[in-house]
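# Observations on chain architecture
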Amino acid sequence: MDIPVVNFNAYKLGEDQIPDERLSIMIEEIKQAFTATGFVFLENTGIEQQEVNRVMDVSKKFFLLPEDTKKLCARNSDHENFNDGWVSSEIERLNPLRPGDLKEAFNISHLDSVLKWPSDASIPEFQEVLDSFFRRCKALALRVLEVTALSLGLQRDFFVKKHKLIGTNKNCTTLRTLYYPPLHKVIVKPNQIRCGEHSDYGSVTLLFQDESGGLEVYSSNARLILNL
């Protein structure tokens, strides 16, 4: 069993009118994918690979900064925008039965937040690149939600109307860039992995990865692991 592929070209970013025939096909493909697998590979979304590469490039530059520098941008659970900022390795434990995840993260959930962006001169474009990518992903996610609503027999804007506050402190939608650092200086605990098994808490997740791979998806019946 493979992860289903859906060509999103007819409704990719920049295409405002989708032919009824193509929309009907896409609705059925999305419905079948989410019903049978719960995961779908979208191609031709309008977000180009060079955009993704640029985000990953500036993100890696950030994660390679000294820890004391990254701490200046650390996530603060006591702040109103509690999810924004840098998360150090082993802080998160997505599977509560395992030790902390061996990964770092940088989160953005509020475009108007007082998030402390890194001021390091080596990555002056960090804020601009991630802010732009957040907006692009938001636009694509809303289109996916439109098609999903139609696949369920709902009004096209049913989910979109419930996500109007994305990017504000009234909504927890988050852009996360992740880093899995080398482990040659780390003592790995029993049953500890990079990122614990979990189900995302949001309506939909857009997932981008590089050529390294390593991510896995359970099928909807949790009987089959699919490699990405």
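Residues numbered from 1 in each chain as written. Predicted model: local features only at pLDDT ≥ 70, side-chain atom pairs only at ≥ 80, totals over all residues. Heavy atoms only, no water.

The subject of this paragraph is the sheet that holds strand β4 (residues 104–108). Sheet architecture is open: 3 strands sit in the order β3-β4-β5, paired in antiparallel fashion. Only two strands of the sheet have a single partner each, and these edge strands are β3 (85–87) and β5 (175–179). Strand after strand, the sheet turns through a mean of 20° between neighbouring axes, direction not considered. (Pairing = 2+ DSSP bridges. Helix = DSSP H or I, 4+ residues; strand = E, 2+ residues; numbered from the N terminus. Axes fitted to C-alpha atoms, helices over the stretch in contact; angles between N-to-C directions.)

Per the counting criterion, the structure on display carries 10 aromatic pairs. When the centroid spacing of 6.3 Å and the interplanar angle of 45° are considered together, the rings of F8 and Y11 count as tilted. Classification of Y11 by relative accessible area gives buried; the value is 7%. Positioned above the aromatic ring of Y11, the side-chain terminus of R143 is 4.6 Å from the ring centre. (Phe/Tyr/Trp six-rings, centres within 6.5 Å; stacked < 30°, edge-to-face > 60°. Buried < 20%, exposed > 50% of the residue type's maximum accessible area, 1.4 Å probe, protein only. Lys NZ or Arg CZ within 6 Å of the ring centre and 35° of its normal.)

The element β4 is extensively covered by neighbouring structure, given that 5 of its 5 residues are classed as buried. Both faces of β4 are covered, namely the face carrying E104, F106 and I108 and the face carrying A105 and N107. In this sheet, β4 lies alongside β3 in antiparallel orientation, the contact comprising 3 bridges. When the sheet's bridge partners are listed, V87 is paired in β4 with A105.

As a further point, take the packing of helix α2 (residues 49–63) against helix α4 (residues 126–151). If you want to describe how two helices pack, look at the angle between their axes and the distance between the axes. Following both chains from N to C, one finds α2 and α4 inclined at 140°, their axes separated by 10 Å at the closest point. Considering their axes alone, α2 and α4 lie oblique with respect to each other. Like other packed secondary-structure pairs, α2 and α4 cross with a definite hand, here left-handed. Between α2 and α4, the residues in contact are E51, V52, R54, V55, V58, S59 and F62 and F126, V129, L130, F133 and R136, respectively. (Parallel < 35°, antiparallel > 145°, perpendicular 65-115°, else oblique. Left-handed = near helix turned anticlockwise from the far one by under 90°. Contact = heavy atoms within 4.5 Å.)

Structurally, the position occupied by K103 is in the loop between β3 and β4. With relative accessibility at 3%, the residue K103 sits in the buried group. Within the local environment of K103, its side chain forms a polar contact with the side chain of D101, the two groups lying 3.0 Å apart. (Polar contact = N/O pair within 3.5 Å; in protein donor to acceptor, adjacent residues only side chain to side chain.)

With 26 residues, α4 extends 37 Å between its outermost C-alpha atoms, agreeing within 8% with the 38 Å of an ideal straight helix rising 1.5 Å per residue. Note on α4: the residue one or two positions beyond its end, G153, has a positive phi of about 75°. (Expected span 1.5 Å × (residues − 1).)

Nothing here speaks to function; it is all geometry.
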